[in-house]
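# Notes for the structure review
Listed here are the chains, written in short residue letters.
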Amino acid sequence: MMPEREGLPQLTLNTLCTLPTTIMSSSDNDGATPTTASEPDHSDAIKELLQCVAESNEEVVSRNNCSGTYALSESTGGLAYRKAADSVNAGWLDFAKPVEEHELAELVKACDQATFGRGNEDVLDLSYRQAWKLDTSRFLAQFDVVKSGLLDVVHDELLPPDNTSLKIDAQLYKLNVYGPGSHFKSHLDTPRSDKMFGSLVIIFPTVHAGGDLTLRSQEGASWTFESSKLVASNTTDNAEAPRNLAWVAFYSDIEHEVSVVESGYRVSLTYNLYYAEDSAPTLPNLVMQSATPEEAKLRNSIKNLLASPFVLPSGGALGFGLSYKYPIGMSTDDVDFEPITGHLKGKDALVKRICDSFGLECHVRGLYDTSNYFEHESDSESEGDELLTNGAYLAEKTIYVGAPSSYEDDMVKALNRGGNLRILDPFMPLQPQIDRKPECDWWAKGPARPVAVLWATPANSLVAVPSPALAYGNEHDVGWYYADLVLVALVPPYEERLANVGNDA
Ligand SMILES: O=C(O)CCC(=O)C(=O)O
Ligand SMILES: [Fe+2]
């Protein structure tokens, strides 16, 4: 069942990184009291260090796709399909040889119109998507994605280099045919599991024009996969030459669209890419061998931040708004964000790798803020001895709130659980910590610990709540949604972290 969450106000955290006028002083201050205006003010220095991390993070270009071609042979280009759902009559196409347009028109006759997911339903809207599809129950392709070796390339290009035992499970999803006028407007691919990270499309060699796939990164950069050209090189000339299919894999939360097919037919297979069940966690402290200059700069800027005695002298946390979105199960039970920590994508994985190398403990968390939800004053006492406090939290699990009437109690209680962190005044992130000497075991049971959080890269938003109006996917699935999350890197007190920061491994 879909949780009722639409009633929750969406807060913006634009002011989250605003620096206060009073801040803690250097390590000789035990952090118990804010400094006054007469004491040295290091806020500009800290601001600059944070700015440098944010800027170098923006400069890092991490891969969100990979692509190529694959030469078909006699036994890998065949496609059998049932002519109708209730018919035993089958059609046969061999893409290793030239395929005539009328054969593809026959295939289209066997297909259904492709729908797409909008909110909670599959809709047929030809202005948004015009294409045909066959479900996997209706066709059999000779092409074997595992034997092709293609997943090994995807593994090398899109999975974190420090997670060598992570395997890819590719699930065949649909056969699609795009004919003249077909297209698919901008969308994200619907998440179908918390293990799903990517999409793979293979395009068979057929003569067609248009139907290119454009991907748009979060940073606004776009890249076009001209599949029509990649397969054209050998669809027109020598009938005997080996024929290549074109393939592309990308993170499925990347916005993408298929341009209008101008002529001919574009036949594709789509796969959903998952982390295989037995995937092992990330290896700690593995150092990148081939960091790009931008990656090295990011590492250096984080190092400079940690090496400053003015930055979180008694410890705290660095917060990084993640660049990618991650699928979360739609459930009335709490869903743990922690497994995502070992499955970060691209640039997000890089940030974690750098923090790991400086000995910072990293966790993916959801950012929730109750400070503006409720009218009553914060710090209300409730059952037991727990102090329930309104404010911004880094939660280890999703917070499910039931009926609107109980938002307040449910949210505040759930957020004040042990394992969560309460951000010390998010609008004054440099305030000294309440606890002078934070214990190492910050995730131990008990009420949420207050912690000073510096935002190295801004949080995009609070944990995204499912919003049907915004959810456009390739076929709807009620079970999952994409969430905006944050990476929290726990920063030990200045003296304790110095050894690791000095270590330039
Ligand atoms: O065919 C393509 O290139 C992409 C198709 C697509 O985005 C989808 O099926 O979700
Ligand atoms: Fe898609």
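For every chain, the first residue of its written sequence is number 1, and the numbers climb from 1 along that sequence. A letter from A marks each chain and a number from 1 marks each ligand, given out in the order of writing. Residue-level local features of this predicted model are given only where pLDDT is at least 70; pairs of side-chain atoms are given and counted only at 80 or more, and the full residue set underlies all totals for whole chains, interfaces and linings. To obtain the side-chain values, all non-hydrogen atoms of the structure were used and water was disregarded.

## Quick notes on the packing of aromatic side chains
Aromatic rings from Phe, Tyr and Trp, taking only the six-membered ring of Trp, are treated as a pair when their centres fall within 6.5 Å; an angle between ring planes under 30 degrees marks them as stacked, one over 60 as edge-to-face, and anything in between as tilted. Under the defined criterion, the tally for this structure stands at seven aromatic pairs. With 4.7 Å between their ring centres and 25° between their planes, F116 and Y128 make a pair best called stacked. Residue F116 is found in strand β5 (residues 116–118), and its partner Y128 is found in the loop between β6 (121–123) and β7 (129–130); the two are separated by 12 residues along the sequence. Connected via pairs of aromatic rings, a cluster forms that spans F116, Y128 and F184. In our convention, an over-ring charge means Lys NZ or Arg CZ found within 6 Å of a ring centre and within 35 degrees of that ring's normal. Looking at K174, its charged tip hangs above the ring of Y173, at a distance of 4.7 Å from the centre. If you follow R266 out to its NZ or CZ, it ends over the ring of Y178, 5.3 Å from the centre. A run of H or I in DSSP counts as a helix once it spans at least four residues, and a run of E counts as a strand once it spans at least two, with each numbered from the N terminus.

## Here's the deal with the coordination of the iron ion (ligand 2)
H187 (NE2), D189 (OD) and H256 (NE2) make up the full set of protein donors to the iron ion (ligand 2), lying at 2.0 to 2.1 Å. When the donors of the iron ion (ligand 2) are listed by position in the chain, the intervening gaps give H-x1-D-x66-H. Here D189 falls in the buried class, since its relative accessible area comes to 5%. A 2.8 Å cut-off from the metal defines N, O and S donors, relaxed to 3.2 Å for Na, K and Ca; water is not in the atom list, so some sites may appear incomplete. Think of it in three bands: residues with accessible area under 20% of the maximum for their type are buried, residues over 50% are exposed, and the middle band is partly exposed, with areas taken using a 1.4 Å probe on protein chains only.

## Regarding the nonpolar core
Residues L107, L318 and F320 are the most contacted members of the largest nonpolar core, which totals 110 residues. Sorting elements by how many residues they give to this core places strand β16 (residues 244–251) first, with seven residues. Residue ranges for the domains originate in an automatic or database domain assignment. Looking at which domains feed residues into this core, each of domain 1 (14–61 + 292–502) and domain 2 (65–275) gives three or more. Pairs of residues are marked as contacts when any of their non-hydrogen atoms sit within 4.5 Å. Those residues in contact with L107, other than ones at most four positions away along the chain, are L79, Y81, L93, L134, L175, V177 and V267. Judged by nonpolar contacts, the second largest core, of 13 residues, contains L394, I423, W455 and V486. What is meant by a nonpolar core is a set of buried Ala, Val, Leu, Ile, Met, Phe, Trp, Tyr and Cys residues, joined one to another through side-chain atoms within 4.5 Å.

## Notes on the pattern of salt bridges
The salt bridge criterion pairs a side-chain nitrogen of Lys or Arg with a carboxyl oxygen of Asp or Glu, the two atoms within 4 Å. Summed over the entire model, instances satisfying the criterion amount to 16 salt bridges. Residues K297 and E59 are paired through a salt bridge, measuring 2.9 Å at the closest nitrogen-oxygen approach. Residue K297 is found in helix α5 (residues 293–307), and its partner E59 is found in helix α1 (residues 43–59); the two are separated by 238 residues along the sequence. Take K297: its relative accessible area is 38%, and that puts it in the partly exposed class. Accessibility expressed as a relative area gives 37% for E59, which makes it partly exposed. Across the pair E257 and R216 runs a salt bridge, and its minimum N-O distance is 2.8 Å. In this pair, E257 sits in strand β17 (residues 255–258) while R216 sits in strand β14 (residues 213–216), placing the two residues 41 residues apart along the sequence.

## Remarks on the environment of P447
Along the polypeptide, P447 turns up in the loop between β26 (421–423) and β27 (449–451). Taking C-alpha positions, P447 is 4.8 Å from R417, a pair spaced 30 residues apart along the chain.

## Structural notes on the sheet that holds β17
In short, DSSP must find at least two bridges between two strands for them to pair. Ordered by their spatial adjacency, five strands build an open sheet running β7-β11-β17-β14-β15, and the pairing between neighbours is antiparallel. For this open sheet the edge positions go to β7 and β15 (222–225), each flanked by a neighbour on one side alone. Summarising the sheet, strand β11 (residues 183–187) and β17 pair through two bridges and their orientation is antiparallel. Counted as the bridge partner of F184 is V258 from β17.

The quantities given are spatial measurements derived from coordinates; they are silent on function.
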